[in-house]
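Listed below are the residues making up each chain.
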Amino acid sequence: MLALTAPEGGTPPLIKDARALSAALDELSRGEGPIAIDAERASGFRYSSRAYLIQIFRRGGGLHLIDPIALAGDPLIKELNDLIAPEEIIIHASTQDLPCLREFGIFPQRLFDTELGARMAGLERVGLGPLCESLLEISLAKEHSAVDWSIRPLLQEWLDYAALDVAVLIDLRDKVAELLEETGKIDY
C-alpha cells in the first residue's frame, strides 16, 4: 500500500487574493470532467460550521487551496460558482461540506458523494481514509482532520493533508461508481 503525505506534484500555495483566485479560475476552466471539492472547518473549536479552507481539484484544471476567510465577499466567488454549477461535483460526506460551501457562495447542482455511494454499494467502512485504502490501495495521513483550521497562518503539513483530500477524490469516485454499476445502483 502506498502511503501519501502530499499530492503528486506538491501542494499548491494558498489562494488569498483576487489575482490568485482569478488565475485559479482560468486554470479550472481549462480542465475537463468532474470537479472534486472539500472544505475544512473548525467545528471542534468554533460554534459554526464555517469553512476555513476550500480545496478544489479538476483533471487538467489543477489543484487549488482557497482561503475563504481572506476572500469572503470577493466578486470572483460568483464566477467560481458559475464555473462549478454545471459540472458534476465530487464531495466526500456532502452533508458536512454543503452548508459551509453555500455560506461561502458555492452552490453545487450535481453531486456525487463518495461516502453515500460507498454506503449504497454495501461497503462497511466509508470514511475517506478506509475507502482510499480498500479501493485505491493508498493510505492517507489523517492526523490533521481535527485541527483548528481557523488558525492563521495554516501550517504546511495541514495544507498537504487537505490537498490530498481532493487529489484522490476523482479516482475514488470512479471506483465507487464501478461498484454501483456492478450492483445496479448507479442511477441512484
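Keep in mind the model is a prediction, meaning the values are calculated, not measured.

Parameters at a glance
Residues numbered from 1 in each chain as written. Predicted model: local features only at pLDDT ≥ 70, side-chain atom pairs only at ≥ 80, totals over all residues. Heavy atoms only, no water. Salt bridge = Lys/Arg side-chain N within 4 Å of Asp/Glu carboxyl O. Helix = DSSP H or I, 4+ residues; strand = E, 2+ residues; numbered from the N terminus. Buried < 20%, exposed > 50% of the residue type's maximum accessible area, 1.4 Å probe, protein only. Pairing = 2+ DSSP bridges. Contact = heavy atoms within 4.5 Å. Axes fitted to C-alpha atoms, helices over the stretch in contact; angles between N-to-C directions. Phe/Tyr/Trp six-rings, centres within 6.5 Å; stacked < 30°, edge-to-face > 60°. Lys NZ or Arg CZ within 6 Å of the ring centre and 35° of its normal.

Caption draft 1: Structural context of the pattern of salt bridges. Applying the stated criterion across every chain yields a total of 9 salt bridges. A salt bridge links Arg41 to Asp97; its shortest N-O distance comes to 2.6 Å. Pair noted here: Arg41 is in strand E3 (residues 35-41) and Asp97 is in helix H3 (residues 94-104), with a separation of 56 residues, a long-range link. Side by side, Arg41 and Asp97 carry an identical accessibility label, which is buried. Measuring nitrogen to oxygen at the nearest pair gives 2.6 Å for the salt bridge that ties Glu88 to Arg173. Of this pair, Glu88 sits in strand E6 (residues 88-91) while Arg173 sits in helix H7 (residues 169-182); the two residues are 85 residues apart in sequence, bridging distant segments of the chain. Arg173 carries the same exposure label as Glu88, and that label is buried. Here the salt bridges share partners, and the residues they tie into one network are Arg59, Glu88, Asp171, Arg173 and Asp174.

Caption draft 2: Summary view of the sheet that holds strand E2 (residues 14-15). Ordered by their spatial adjacency, 6 strands build an open sheet running E2-E5-E4-E3-E6-E7, and the pairing between neighbours is mixed. Looking along the sheet, the strands with just one partner apiece sit at the ends: E2 and strand E7 (110-113). Sheet topology note: the E6/E7 ladder contains 4 bridges and is parallel. Bridge pairing in E7 links Ile89 to Leu111. Strands in contact with helix H1 (residues 18-30) are E2, strand E4 (51-58) and strand E5 (62-66); relative to E5, the strand with the most contacts, it is inclined by about 150 degrees.

Caption draft 3: Molecular detail of the packing of aromatic side chains. With the rule as written, the count across this model stands at 2 aromatic pairs. Through successive ring pairs, a cluster of aromatic residues spans Trp149, Trp158 and Tyr161. The ring of Phe112 has Arg173 sitting right over it, with the charged end atom 4.6 Å from the ring centre.

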